[in-house]
Amino acid sequence: MIIFRYLARELAGSLFAVTIVLLMILMSGRLIRQLAAAAAGEVSLDIVFFTLLLRLPSFLEMILPLALFIAILLAYGRMYAENEMTVLTATGFSSRRLLMYTAGPAAAIALVVGLFSLYLSPWGAQKMEELYKKQAQLTEFELLVPGRFQSMKGGSRVTYAESLSDDKTQMNKVFITDGNSILLADRGTQYVSDETGSRFLELHNGKRYDWTPGSLEFQSLNFDLYGVKIADELEERKQLRKEAVPTLDLFGSTDPKHQAQLQWRISMLLMVPIVTLLAVPLAKVNPRQGRFARLFPAIVLFMVYISLLIAMKGMLEKGKLDPMIGLWSLHLVYLLIAIGLYLVPEWLRRRRVAAL
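Digging into the overall build of the protein chain
Helix and strand content of the protein chain: 9 helices and 6 strands. Taking all 356 residues of the protein chain together, 42% fall into the buried category. In the structure as shown, the protein chain presents an accessible area of about 19700 Å², 63% of it carried by carbon and sulfur atoms.

A look at the packing of aromatic side chains
Per the stated rule, a full pass over the model turns up 4 aromatic pairs. Between F4 and Y101, the ring centres sit 5.7 Å apart and the planes meet at 85°, which makes this aromatic pair edge-to-face. Taken together, the residues span a long stretch of sequence, with F4 in helix α1 (residues 2-39) and Y101 in helix α4 (residues 95-137) at a distance of 97 residues. Relative to Y334, the ring of Y305 has its centre 4.1 Å away and its plane inclined at 10°; by these criteria the two rings are stacked. Residue Y305 is found in helix α8 (residues 295-317), and its partner Y334 is found in helix α9 (residues 328-355); the two are separated by 29 residues along the sequence. Each member of the pair Y305 and Y334 is classed as buried.

A few points about the side chain of R265
The residue R265 is located in helix α7 (residues 256-282) in this model. Despite its burial, R265 pairs with no opposite charge, the nearest such side chain being E61 at 6.9 Å. If we ignore the near neighbours within four places in the chain, the residues touching R265 are S117, L118, P122, K242, E243, A244, V245, P246, T247 and L250.

Let's talk about the pattern of salt bridges
Under the defined criterion, the tally for this structure stands at 7 salt bridges. Note that E10 is salt-bridged to R78, the shortest N-O span being 3.0 Å. Residue E10 is located in helix α1, and its partner R78 is located in helix α2 (residues 48-81); the two are separated by 68 residues in the primary sequence. For R78, a relative accessible area of 14% corresponds to the buried category. Linking R55 and E243 is a salt bridge whose minimum nitrogen-to-oxygen distance equals 2.8 Å. With a gap of 188 residues between them, R55 in helix α2 and E243 in helix α5 (residues 235-243) connect regions that are remote in the sequence. Its relative accessible area of 17% is what places E243 among the buried residues.

Focus: α9
End to end, α9 covers 40 Å across 28 residues, agreeing with the expected 40 Å (1.5 Å per residue, within 8%). Of all the bends in α9, the largest measures some 30° and sits at G340. All of the buried residues along α9 are L330, H331, Y334 and A338. Where α9 is buried, its residues touch α7 and α8.

Re a nonpolar patch on the surface
A contiguous nonpolar surface patch, about 450 Å² in accessible area, is contributed by L332, L335, L336, I339 and L343. Looking at where I339 falls in the secondary structure, it is placed in helix α9.

Focus on α8
Here α8 spans 33 Å end to end across 23 residues, near enough to the 33 Å set by a 1.5 Å rise per residue. Along α8, the positions that sit buried rather than exposed are L295, A298, F302, Y305, I306, L309, M312, K313, L316 and E317. Immediately beyond the C-terminal end of α8, within one or two residues, lies G319, with a positive phi of roughly 75°.

Observations regarding the side chain of S14
Mapped onto the secondary structure, S14 falls in helix α1. Each residue touching S14, except ones within four places of it in the same chain, is listed here: A71, L74 and A75.

Quick word on the environment of A298
Examined against the element boundaries, A298 turns out to sit in helix α8. A relative accessible area of 2% places A298 in the buried class. Residues A298 and I70, spaced 228 residues apart in sequence, show a C-alpha to C-alpha distance of 8.6 Å. Those residues in contact with A298 that lie beyond four places of it in its chain are F69, L73 and L282.

Definitions and cut-offs
- Residues numbered from 1 in each chain as written.
- Predicted model: local features only at pLDDT ≥ 70, side-chain atom pairs only at ≥ 80, totals over all residues.
- Heavy atoms only, no water.
- Helix = DSSP H or I, 4+ residues; strand = E, 2+ residues; numbered from the N terminus.
- Buried < 20%, exposed > 50% of the residue type's maximum accessible area, 1.4 Å probe, protein only.
- Areas by Shrake-Rupley, 256 points an atom, 1.4 Å probe, with all protein chains shown as cover.
- Phe/Tyr/Trp six-rings, centres within 6.5 Å; stacked < 30°, edge-to-face > 60°.
- Lys, Arg positive; Asp, Glu negative; His and termini not counted.
- Salt bridge = Lys/Arg side-chain N within 4 Å of Asp/Glu carboxyl O.
- Contact = heavy atoms within 4.5 Å.
- Expected span 1.5 Å × (residues − 1).
- Bend = angle between axes of the 7 residues up to and from the residue.
- Patch = residues over 30% accessible without salt bridge, like charges linked within 9 Å, V, L, I, M, F, W, Y side chains within 5 Å.

Shown next, in the form of structure tokens:
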């Protein structure tokens, strides 16, 4: 138990440090994108930090397997480099026992990842979807200041409203220039498509003027009701719609997107024992090599693993991959690689002994 507690403490320290670093990197990039979306008027600044909190489970479900993998490499690599493992081996501490002792912390991480992947991440996606639905009911009207010309969509559209209703859902005396068109209307309201999430501006009782650059001719059109698409549905919301489906609802579904989502969630759980099997033999280094000798190739091996999972998930969503093969085939390949990392060195050692 003394050895087990020592190994668990070494792993926990490395795991915590690596998780914090990776989480800060991922959340920083996410925060920058959210702030950019808020600056563009796509989302409200009020919900930026709240959406980050709701996204935390989905961040951690991907970070924890990688953090565990790196933590094993760092902790055990240091012990090999400083001859601590050599001392343990001399007392009869085998590689099999090391793997068994590592399985305890790995099982705890697997339970946490399973909780995040199968329950908390879909729950967070559902809450975010509700937030985006509320945001979709808002409009660029929220950003408008009555009596002022304001540039939108990166300067391609200029909007002016003489006044706004108290709830900011209706513009009065509207002027809009969009490309080579000018729109004038008595009032403007917003319509949101429930199916696509796209937003439309409905102008009432107005005129539209179109002209061709370099020409003095223009066309005039009177209208009672005129619709202008304000914005398409955010790509993130399309992804959220798939992620928000409860795990139990995915079972038995014949929809390729649902099948891909289910296999992805289970894959996050399966990765933990597989990367543990990979990391323990990869952490074994010669003291002369140093503790970081195998760190880079090991991380490359993991990056190939997660990249192939993402690519195969996309193929599964598009129906280009048989669900029976799905992501399971890749897990099987990496499981065989992990088993090979244990058996091949032992087989080579026995051959050398036999040759003597």
